[in-house]
Amino acid sequence: MLRVPLVEVRAGAVDTTGELAADDPLLTEAGILLAAPLRVAGRLSSAGEGKYYWRAHFETAVSTECRRCLKAVEVPVSQPLAIVFTTPGEAAEDDGCYVFEDRAQALDLTLAVREELLLAIPGFVECRPDCRGLCPTCGADLNDGPCGCAPAADARWQALRALTHPEEKGD
Ligand SMILES: [Zn+2]
Ligand SMILES: [Zn+2]
């Protein structure tokens, strides 16, 4: 249950267990591609007037690609959450709380999950630590072996060599 009636939380802490499908529009609209459903489990409790505290944990697998060779990669993501929800009146400026409407009857936890997931997705993914990437000249996957292209020449180095070895110029 990721949409929790507040009247229940005021009566006592509520167990929050839920799952978002990998193709849930909430995620796909944010450009998130999952390779597995997102599972959340936690406990939501009242933390004083207009405040709720959610302690939870989610796990899933993100579908992305290797930054070097562009191969599809699945990255497991697992994250503990400790989130405070407050009404606008109670929220101090930029204290990292999630704000919900004063008159809300229920707390929707899914948006907070999406935000935390976006923060948890690694920005730089490699299919393996020693991925050789693609050849910048022909685009071949260098993990499959050398492609036969000459190594890229460094123009600055060539200029320096022309200065220090003028005799090599034209023959
Ligand atoms: Zn790679
Ligand atoms: Zn090449």
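Look up a bit, the structure's there.
In this text, all values refer to a predicted model and were calculated from it rather than measured experimentally.

This part takes up unusual backbone geometry. Located in the positive-phi region is Leu70, a residue other than glycine, with phi close to 65°. Mapped onto the elements, Leu70 comes out in the loop between strand S4 (51-65) and strand S5 (72-86). Accessibility expressed as a C-beta count within 10 Å gives 13 for Leu70, which makes it partly exposed.

Take the pairing of strand S3 (residues 38-46) next. As defined by bridge partners, strand S2 (residues 14-20) adjoins S3 across seven bridges and the pair is classed as antiparallel. Paired with Gly18 across the two strands is Val40, which belongs to S3. Sheet topology note: the S3/S4 ladder contains eight bridges and is antiparallel. Along S4, the bridge assignment pairs Arg43 with Arg55. Hairpin geometry of S3 and S4 is characterised by an intervening segment of four residues between the two adjacent antiparallel strands and by a positive phi of about 105° at Gly48.

This brings us to the sheet that holds S2. Within a sheet, each strand pairs with its neighbour through backbone hydrogen bonds, oriented either parallel or antiparallel. Ordered in space as S2-S3-S4-S5-S6, the five strands form an open sheet in which the pairing is mixed. Each having just a single partner strand, S2 and strand S6 (98-99) make up the two edges of the open sheet. Across the sheet, helix H3 (residues 110-120) touches S2, S3, S4, S5 and S6, and the angle it forms with S5 is around 130°.

Rules used in this analysis
- Residues numbered from 1 in each chain as written.
- Chains lettered and ligands numbered in written order.
- Predicted model: local features only at pLDDT ≥ 70, side-chain atom pairs only at ≥ 80, totals over all residues.
- Helix = DSSP H or I, 4+ residues; strand = E, 2+ residues; numbered from the N terminus.
- Buried ≥ 20, exposed ≤ 12 C-beta atoms within 10 Å, placed from the backbone.
- Pairing = 2+ DSSP bridges.
- Contact = placed C-beta atoms within 7 Å.
- Axes fitted to C-alpha atoms, helices over the stretch in contact; angles between N-to-C directions.

This is a description of form; function is not addressed.
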